[in-house]
Amino acid sequence: MTVRTSLAGFLFCVLLNPLATHAQSSRATVTGTVTDEDGAPLPGAQIVDVALQRGTTAGPDGRYTLDGLPDGDHTLEIRFVGYQTAVRTVTLAAGETRQLDVSLETQVLETDGVTVTGTARARSTLTTPQSVDVLGADDLDSGGGAALGAQLSENVAGVSSIQTGAQAGKPVLRGLSGNRIRVLKDGIAQEYYQFGVRHFPTTSSNEAERIEVVRGPSSIQYGSDALGGAINVITKDAPIADVDETRLGGTFRSQYFTNNNERAVSLDLEGARGQVGIRAGFERRVADNYTAPNEPTFFATGNGGTFGDPKYTGEVPFTNFEQWSVYAQVGTQGDFGTVQVYGDYWINRHNFLLPTGGPGAENADGLGQNLEHGNLVAKANLVADGFVVRPRLSLQTSIRQSGNSGGEQTLGYIDDNGGFGDFDYPLDLKTDIYTGRLEVTHPRVGAVSGTLGAVVQLQDAQTRSGGLQPSAGTWNVGLFVFEEIDLEPWTFNAGIRGDFRTIKAEETPKTLTDPAVAENTDLENDYLTLSGALGANVVVAEGVALASNLSSGFRAPSVFELYANGVHGGVAAFQVGNPDLDPERAYSADVSVRVRRDRLTAELTGYVNAINNYIFLENTGDNRGPEGNGPPIYEASQTDAVIPGVEAKVEAQLQPWLHVGGQATVLGGTGNGLGNNGTDGDLPLLPANNVQGFIHLTPSDQGLLRSPRIEVDLKRAFDEDAAGRFEPFSQFDEGFGPPFGTASTKAYTTVDASAEGRFALGFGGKPSLRVAVHNVFDTTYRDFLDTYKGYALSPGRDVRVSLTVPF
């Protein structure tokens, strides 16, 4: 019997045994009615205690009962599609039944929500000291796509995305990405070889109830890699029904994007009998090459035309992909709390266009990749004597395979008939990750409440072929305490965490064949670190708060950064690690002003993040190969860096049918010795400064049409210069290498537009239809974080049609 099978059985037996915690008659209940502004009931509205992942659904008359709650403070979310989420805080005594009636308003402004990510306990996003945004079910339905980074950048202010075609989007928070951003699923760190510029999160939002985005160091709860923040994909709760009743339902979704002929279909099914529920779903996406504006190429102009003429325009070859994801879960809830087991699997097979190859699509060259990622998770929220115990046990597998296509766009995995063929991947990486996480929220002691936690993780990284990085094992143990003090109108929190991490790599061909290298290469590295955080929030008026944070975080070097020694085909470079790297240390401060009023929402945040021992890859100026004609050589190095910035966003309702808003992001980043003659220079992979504005029209309902909405968005991105030889793909700037393309980018302006609405058809839920046009005027541009900027333009006009049908 394998370790994986044994552990899975242990998870099921331990966490699906609610008899271990007997029912308690002292549980409290919240009951009431959910209506709209006119007093009409909202059947199907969800009432959720986010911290406990426990909820219920309003019946046909809008009435609901949420029982089995422990005594103490509870922050509830009341939400319904098309309406603003309401947040209510109640303090319950043992055995109490509390009446709580809620009237929801039609959603026109950004909704306040409850966050459980990066905080000591569940709180409203207005009153938490941390900067948190919550992407809810409405946004996930209308803004879904293949890439998590793109989905977040289009829906969350201040988030950018490193794009490589439509399927590859890597989120950027406050100028940090990759190994410095923690992507989580239900609080469990997701591993996806995030060291690579083009290595994007292997996570689907199809099974998500919400996505919470924390900007700023989050190492207290999530350890290494959370220097810039955390993105927590929180899965849907298992459905429940009333005693001796059966509930069945689901949602069908379909999308079509014209730019790359992308087709998507997904189906979610759920059923419950009493307090036991199941849910399952799948999503399938297929896309052809993306299309850029049909401008003259370098081959036509000889680079005598516009700035950095691209190598490829029009249909950009080797940018097609196929993606699948499936998930299933089973769960139950009672007086003991909630227990769930779920599993998911995600597959993405795609091409990357390479800068090699000749003119025209027929002479282009690409890289074929197969990415796979799976989770098996058991989780619970167990309630006893005022304590909430949250065990999480996770089995995770991540696979990354790639190889040159040999000029064939079929990649070797899709044959001429659209089926799957055989392909021998020269680079084949597989990592198994075993994670145990335990959090205990203790009852309030005076004004103090909070969470104690422990995390143990083992990563078994196997290099099955290819020499990019060696096989290695990584152990990490973390302990943390995160406490909060409520002294209304003030809220304070403080936390401390200790981590021990050990990385042991196997010997590589280089260390085995070169004694000098072996003698100076330490294949085992240990790191012992402490992190801390202090935060405060004060409500100065109704719906207005000030917040501030001081925090420190750390990041241990990855196996790749320590020991890489090979060609990285996805970025057309030979990359070399450094086993003597020190862990990064971040010291961050931020101050924000937040407004959540009926007709106005706004937030202004200033921050600075100082990072000691910042790790980066430096273009040495040399090329690999016997005659120096191979790919450029990049070596891992370190410096001290500082990233200051300002984020701002505002929405205002000027009329019941009209509201306007905008956002701006301004940041910089410098590293010691990265400039000319050893002076301070720019950091790589920082997004261009930008401003955005929008107009939303929300006319009244007409006939069967409900909650209609028309939106026009404008984005202005400013000039951005590459960080010299430290910028990925810096070889495309003038004087570094190829005579085409660019690593620096010029300012551009794009316009997007959309129209959406729901339809009251008299049965089931209300189907919704959304039609959006991205880059309305087919503007020619290159985004600074588009990794194809060196040899191709960013995508042109794209008409997107999305249909959602609940039943």
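Residues numbered from 1 in each chain as written. Predicted model: local features only at pLDDT ≥ 70, side-chain atom pairs only at ≥ 80, totals over all residues. Heavy atoms only, no water.

### Looking at the overall build of the protein
To be explicit about the condition: Working definition: helices are DSSP H or I runs of at least four residues, strands are E runs of at least two. Numbering for both runs from the N terminus. A simple rule labels every residue: compare its accessible area, found with a 1.4 Å probe on the protein chains alone, to the largest value its type can have, and call it buried under 20%, exposed over 50%, or partly exposed in between. Whether two residues are in contact is decided by their heavy atoms, any of which lying within 4.5 Å being enough. Per-residue and other accessible areas follow the Shrake-Rupley method at a 1.4 Å probe size, with only the shown protein chains counted as cover for residues.
Looking only at helices and strands, one finds 8 helices and 44 strands in the protein. Burial status across the protein gives 59% buried among its 807 residues. Long-range pairs, those at least 24 residues apart, make up 66% of the contacts in the protein between residues at least 6 apart in sequence. For the protein, the accessible surface area stands at approximately 30,700 Å², while carbon and sulfur atoms represent 56% of it.

### Topic: the pairing of strand β19 (residues 246-257)
Note the cut-off: Should DSSP find at least two bridges between two strands, the strands are regarded as paired.
By the bridge criterion, 12 bridges tie β19 to strand β20 (residues 262-273) in an arrangement that is antiparallel. By the bridge assignment, Arg247 is partnered in β20 with Ala272. Connecting β19 to the next strand, β20, in antiparallel fashion are 4 residues, including Asn261 with a positive phi near 55°. Sheet topology note: the β19/strand β44 (residues 798-806) ladder contains 7 bridges and is antiparallel. Each residue of the ladder has a partner; that of Thr251, found in β44, is Pro806.

### Looking at a negative patch on the surface
Put simply, the rule reads: By definition, no residue in a patch forms a salt bridge, and every one has over 30% relative accessible area; like charges are joined within 9 Å, nonpolar side chains (Val, Leu, Ile, Met, Phe, Trp, Tyr) within 5 Å. In the sections that follow, a salt bridge refers to a side-chain nitrogen of Lys or Arg positioned within 4 Å of a carboxyl oxygen of Asp or Glu. Positive charges come from Lys and Arg, negative ones from Asp and Glu, while His and the chain ends are left out of the count. Positions of charges follow a simple convention, taking NZ of Lys, CZ of Arg, CG of Asp or CD of Glu.
The grouping of Glu37, Asp38, Glu105, Glu542 and Asp598 at the surface amounts to a negative patch. Topologically, Glu542 is positioned in the loop between β30 (524-541) and β31 (544-555). Residue Glu542 is classed as exposed on the basis of its relative accessible area of 68%.

### Some details on the pattern of salt bridges
Under the criterion given, the structure shown has 38 salt bridges. For the salt bridge of Asp432 with Lys430, the shortest nitrogen-to-oxygen distance reads 2.9 Å. Neither residue differs from the other here; Asp432 and Lys430 are each classed as buried. Taken together, the shared-partner salt bridges connect Asp133, Arg174, Arg215, Asp590, Glu647 and Lys649 into one network.

### Quick notes on the nonpolar core
Heads up, the condition is: What is meant by a nonpolar core is a set of buried Ala, Val, Leu, Ile, Met, Phe, Trp, Tyr and Cys residues, joined one to another through side-chain atoms within 4.5 Å.
Ranked by size, the top nonpolar core spans 34 residues in total, and within it Leu353, Tyr788 and Tyr791 carry the most contacts. When contributions to this core are tallied by element, the ones reaching two or more residues are β23 (337-357) and β24 (364-384). Filtering out sequence-adjacent residues up to four positions away, Tyr791 remains in contact with Arg198, Pro310, Lys311, Tyr312, Leu353, Leu354, Pro355, Phe732 and Phe740. Membership of the second largest hydrophobic core comes to 29 residues, among which are Val183, Val213, Leu227 and Ala586.

### Quick look at the sheet that holds strand β12 (residues 159-163)
For clarity, the threshold we go by: All axes are obtained by fitting lines to C-alpha atoms, using only the stretch in contact for helices, and the reported angles, taken between N-to-C directions, cover 0 to 180 degrees.
With respect to topology, 3 strands assemble into an open sheet ordered β12-β13-β14, the strand pairing being antiparallel. A strand with exactly one partner marks an edge of an open sheet, and here the two such strands are β12 and β14 (176-177). Relative to strand β13 (residues 169-173), β12 runs antiparallel, the two being bridged by 5 bridges. Counted as the bridge partner of Gln163 is Gly169 from β13. On the sheet, helix α3 (residues 148-155) packs against β12 and β13 and is oriented at approximately 150° with respect to β12.

### Concerning the packing of aromatic side chains
Keep this limit in mind: In this scheme Phe, Tyr and Trp rings, the latter by its six-membered ring, pair at centre separations within 6.5 Å, and the angle between planes marks the pair as stacked below 30 degrees, edge-to-face above 60, and tilted otherwise. Charge-over-ring placement is defined geometrically: NZ (Lys) or CZ (Arg) within 6 Å of the ring centre, and within 35 degrees of the ring normal.
Taken as a whole and judged by the stated rule, the model has 11 aromatic pairs. Judged by centre distance (4.0 Å) and plane angle (10°), the ring pair of Phe195 and Phe560 falls under stacked. Of this pair, Phe195 sits in the loop between β16 (188-189) and β17 (208-215) while Phe560 sits in helix α8 (residues 559-563); the two residues are 365 residues apart in sequence, bridging distant segments of the chain. Each of the two residues, Phe195 as well as Phe560, counts as buried. Clustering of aromatic rings is evident, with ring pairs tying together Tyr290, Phe298, Phe732, Phe740, Tyr788 and Tyr791. Here the basic side chain of Arg180 rests over the ring of Tyr614, its NZ or CZ set 4.0 Å away from the ring centre. Over the face of the ring belonging to Phe574 we find Arg624, whose NZ or CZ atom lies 4.0 Å from the ring centre.

### Concerning the pairing of strand β43 (residues 768-774)
By the alternation rule, side chains of β43 split into Ser768, Arg770, Ala772 and His774, which are all buried, and Leu769, Val771 and Val773, of which none is buried. In terms of strand pairing, strand β42 (residues 748-759) meets β43 through 6 bridges, oriented antiparallel. In the sheet register, Gly757 faces β43, and the bridge partner there is Leu769. Strand direction decides the pairing type here: β43 and β44, joined by 7 bridges, are antiparallel. Of the residues in β44, the one forming a bridge with Val773 is Val799.

### Points about the side chain of Arg390
What counts here: Polar contacts here mean pairs of N or O atoms no more than 3.5 Å apart (in protein, one a potential hydrogen donor and the other a potential acceptor; neighbouring residues in sequence count only if both atoms are side-chain atoms).
Along the chain, Arg390 falls in strand β25 (residues 387-404). Among buried Asp, Glu, Lys and Arg side chains, Arg390 stands out as unpaired, with Glu439 the closest opposite charge at 4.1 Å. At 3.2 Å, the side chain of Arg390 forms a polar contact with the side chain of Asn381. Reaching out from Arg390, the side chain makes a polar contact with the side chain of Thr441 at a distance of 2.6 Å. In this view, Arg390 contacts Ala51, Ala380, Asn381, Arg437, Leu438, Glu439 and Thr441; residues no more than four positions away in its chain are not counted.

### Topic: the sheet that holds strand β15 (residues 181-185)
Within the open sheet, the 5 strands sit side by side as β11-β17-β18-β15-β16. Their pairing is mixed. With partners counted over all chains shown, the strands left at the sheet margins are β11 (131-135) and β16, one partner each. Across the sheet, α3 lies against β11, β15, β17 and β18 (229-235), angled at about 75° from β17, the strand it touches most.

### What to know about the environment of Ala292
Assignment of secondary structure puts Ala292 in the loop between β21 (276-287) and α5 (298-301). Residue classification places Ala292 among the buried residues on the basis of a relative accessible area of 5%. In this structure, the C-alpha to C-alpha distance between Ala292 and Asp778, residues 486 residues apart in sequence, is 8.3 Å. Aside from chain neighbours lying at most four places away, what touches Ala292 is Gly314, Val316, Leu793, Ser794, Pro795 and Gly796.

### Topic: the environment of Ser768
As for its position among the elements, Ser768 is in strand β43. A relative accessible area of 17% means that Ser768 is categorised as buried. Counting along the chain gives 38 residues from Ser768 to Pro806, while the straight-line C-alpha distance between them is 8.8 Å. Not counting residues up to four positions away in its chain, the partners in contact with Ser768 are Gly757, Arg758, Ser802, Leu803 and Thr804.

### Here's the deal with the confidence of the model for the protein
Close inspection of predicted coordinates is inappropriate in any region flagged by low pLDDT. Definition in use: Each residue carries a pLDDT score, the predictor's own confidence in it, on a scale running from 0 to 100.
Mean pLDDT for the protein: 86, with 89% of residues reaching 70 or above. Within the protein, no element has a lower average pLDDT than helix α1 (residues 3-15), which sits at 48, and none a higher one than strand β40 (residues 690-697), at 96. Confidence drops under pLDDT 50 across residues 411-421; counting only partners more than four residues distant or on other chains, this segment forms 25 contacts.

### Quick word on the environment of Val326
Tracing the sequence through the fold places Val326 in strand β22 (residues 321-334). Sequence-wise, Val326 and Leu267 are 59 residues apart; in three dimensions their C-alpha atoms are separated by 9.7 Å. Excluding anything up to four places from it in sequence, Val326 contacts Gly281, Phe282, Gly343, Asp344 and Tyr345.

### Description of the side chain of Arg285
Its location among the elements puts Arg285 in strand β21. Look at Arg285 and you get buried, because its relative accessible area is 1%. Only 2.7 Å separates the side chain of Arg285 from the side chain of Glu262, close enough to count as a polar contact. Not counting residues within four places of it along the chain, the set of residues in contact with Arg285 comprises Gly144, Gly145, Ala146, Gln255, Phe257, Glu262, Arg263, Ala264, Phe321, Glu322 and Gln323.

### Describing a nonpolar patch on the surface
On the surface, Phe252, Tyr256, Leu269, Leu769, Val771, Val801, Leu803 and Phe807 cluster together into a nonpolar patch covering about 610 Å² of accessible area. For Tyr256, the location among the structural elements is in strand β19. The class for Tyr256 is partly exposed, based on a relative accessible area of 33%.

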